[in-house]
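Here are the chains, one letter per residue:
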Amino acid sequence: MNLTRGGWLILLTVIAAFLLTLARAPVGSPEWLGWLRPGWIVLVVFFWAMAVPHRIGLISTWIMGFFVDIVFADPLGLNGIVLTTITFFTWRFHERLRMYAVLQQAWVAAAMVLFSEGTRRLAHDQAQAWLPVTVLPAIASMFVWPAVYLLLGKLTQRFRVE
C-alpha cells in the first residue's frame, strides 16, 4: 500500500478498525453485549475495496488478516483468506456495489461479516454456538455500515484519496 495520495488515511483507518476490534465490553456487562460488536476490519476493508479498488490489494489484506490471526489466536492464514476473499469479491463487483444505496450496501456488508464470523466458527469447530455469536455481529455491522460509509466517504473526499 503506497502511503502517498491518501494511503496514510487507509492505513490509519485500518489501525482504527484494529483498535475497535480489540475493544471489549466493560467488566461485569452481560455476555450478549460482546456479541453485538460489528466486524470493524471487514467493514473497513469492504469500504476501501469498493471505493478505491486499485489502492488495496490482496497481499495487504492478507497481511491484515495475518495480524488478526495473531491477535485473536486464530489458525494462521484463516483471517487472511477471509479478508482476501472479501476483497476479491468486492473488486469483482465494485462498480455494481457503488451503485447500490447505502442500505443495500449494508446488507452486503452484513453478508460479508456473516461469512467472516461463520468461517471463524467453523475453523474453531464451534458450530454448536453458531447462531448468536455469528449472526449478531453481522446485524450490528449492518446497522453501523451507514455511519462507516458516510464517515470514510467524507474523509476520502477531504483528503483526496485517489
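Throughout what follows, the structure given in this document is the object of discussion.

## Overview of the overall build of the chain
Helix and strand counts for the chain come out as seven helices and zero strands. Its C-alpha atoms give the chain a radius of gyration of 15 Å, within 12% of the compact-globule value 15 Å for 162 residues. Within the chain, the proportion of its 162 residues that are buried is 43%. Long-range pairs, those at least 24 residues apart, make up 70% of the contacts in the chain between residues at least 6 apart in sequence. Carbon and sulfur atoms make up 70% of the accessible area of the chain, which amounts to about 9,000 Å² in all.

## Concerning the nonpolar core
With 36 residues, the main nonpolar core has Ile 41, Leu 43, Phe 46, Trp 48, Met 64 and Trp 145 as its most contacted residues. Put simply, the parts of the chain that give this core at least two residues each are helix 1 (7-22), helix 3 (40-51), helix 4 (58-72), helix 5 (78-99), helix 6 (102-123) and helix 7 (130-158).

## Notes on the packing of helix 1 against helix 3
Contact pair helix 1 / helix 3: the axes reach a minimum separation of 8 Å and the direction vectors enclose 160°. The pairing of helix 1 with helix 3 is recorded here as roughly antiparallel in orientation. In terms of crossing hand, the pair formed by helix 1 and helix 3 is right-handed. For the pair helix 1 and helix 3, contact is made by Leu 9, Ile 10, Thr 13, Val 14, Ala 17, Phe 18, Leu 20 and Thr 21 and by Trp 40, Ile 41, Val 44 and Trp 48, respectively.

## Describing the packing of helix 3 against helix 5
Relative to each other, helix 3 and helix 5 sit at 45°, their axes nearing to 8 Å. Here helix 3 lies oblique to helix 5, going by the angle between them. Like other packed secondary-structure pairs, helix 3 and helix 5 cross with a definite hand, here right-handed. When helix 3 is examined against helix 5, the residues Ile 41, Val 42, Val 45, Phe 46, Ala 49, Met 50 and Ala 51 are found in contact with a partner set consisting of Leu 83, Ile 86, Thr 87, Thr 90, Trp 91, His 94, Leu 97 and Arg 98.

## Concerning the side chain of Thr 134
By the secondary structure assignment, Thr 134 is in helix 7. Residues within four places of Thr 134 in sequence aside, it is in contact with Leu 114, Glu 117, Gly 118 and Arg 121.

## What about the packing of aromatic side chains?
Counted under the stated rule, the structure contains nine aromatic pairs. Aromatic side chains Phe 47 and Trp 48 sit 5.0 Å apart centroid to centroid with 75° between the ring planes, which places their arrangement in the edge-to-face category. Of the two residues, Phe 47 and Trp 48, both sit in the buried class. On the basis of an interplanar angle of 55° and a centroid distance of 6.5 Å, the ring pair of Phe 47 and Trp 145 is categorised as tilted. Of this pair, Phe 47 sits in helix 3 while Trp 145 sits in helix 7, placing them 98 residues apart in sequence. Owing to a relative accessible area of 3%, Phe 47 belongs among the buried residues under this scheme. Here Trp 145 falls in the buried class, since its relative accessible area comes to 0%. Three or more aromatic residues joined by ring pairs make a cluster, and in this case those are Phe 46, Phe 47, Trp 48, Trp 145 and Tyr 149. Positioned over the ring face of Phe 159 is Arg 158, at 5.4 Å from the centre of the ring.

## Quick notes on the pattern of salt bridges
Evaluation of the coordinates by the stated rule reveals one salt bridge. Residue Asp 74 is joined to Arg 120 by a salt bridge in which the shortest nitrogen-to-oxygen separation is 2.9 Å. Separated by 46 residues along the polypeptide, Asp 74 in the loop between helix 4 and helix 5 and Arg 120 in helix 6 bring together distant segments of the chain. There is no split in this pair, since Asp 74 and Arg 120 are both buried.

About the criteria used
- Residues numbered from 1 in each chain as written.
- Predicted model: local features only at pLDDT ≥ 70, side-chain atom pairs only at ≥ 80, totals over all residues.
- Heavy atoms only, no water.
- Helix = DSSP H or I, 4+ residues; strand = E, 2+ residues; numbered from the N terminus.
- Rg over C-alpha atoms; globule rule 2.2 N^0.38 Å.
- Buried < 20%, exposed > 50% of the residue type's maximum accessible area, 1.4 Å probe, protein only.
- Contact = heavy atoms within 4.5 Å.
- Areas by Shrake-Rupley, 256 points an atom, 1.4 Å probe, with all protein chains shown as cover.
- Core = buried A, V, L, I, M, F, W, Y, C linked by side-chain atoms within 4.5 Å.
- Axes fitted to C-alpha atoms, helices over the stretch in contact; angles between N-to-C directions.
- Parallel < 35°, antiparallel > 145°, perpendicular 65-115°, else oblique.
- Left-handed = near helix turned anticlockwise from the far one by under 90°.
- Phe/Tyr/Trp six-rings, centres within 6.5 Å; stacked < 30°, edge-to-face > 60°.
- Lys NZ or Arg CZ within 6 Å of the ring centre and 35° of its normal.
- Salt bridge = Lys/Arg side-chain N within 4 Å of Asp/Glu carboxyl O.

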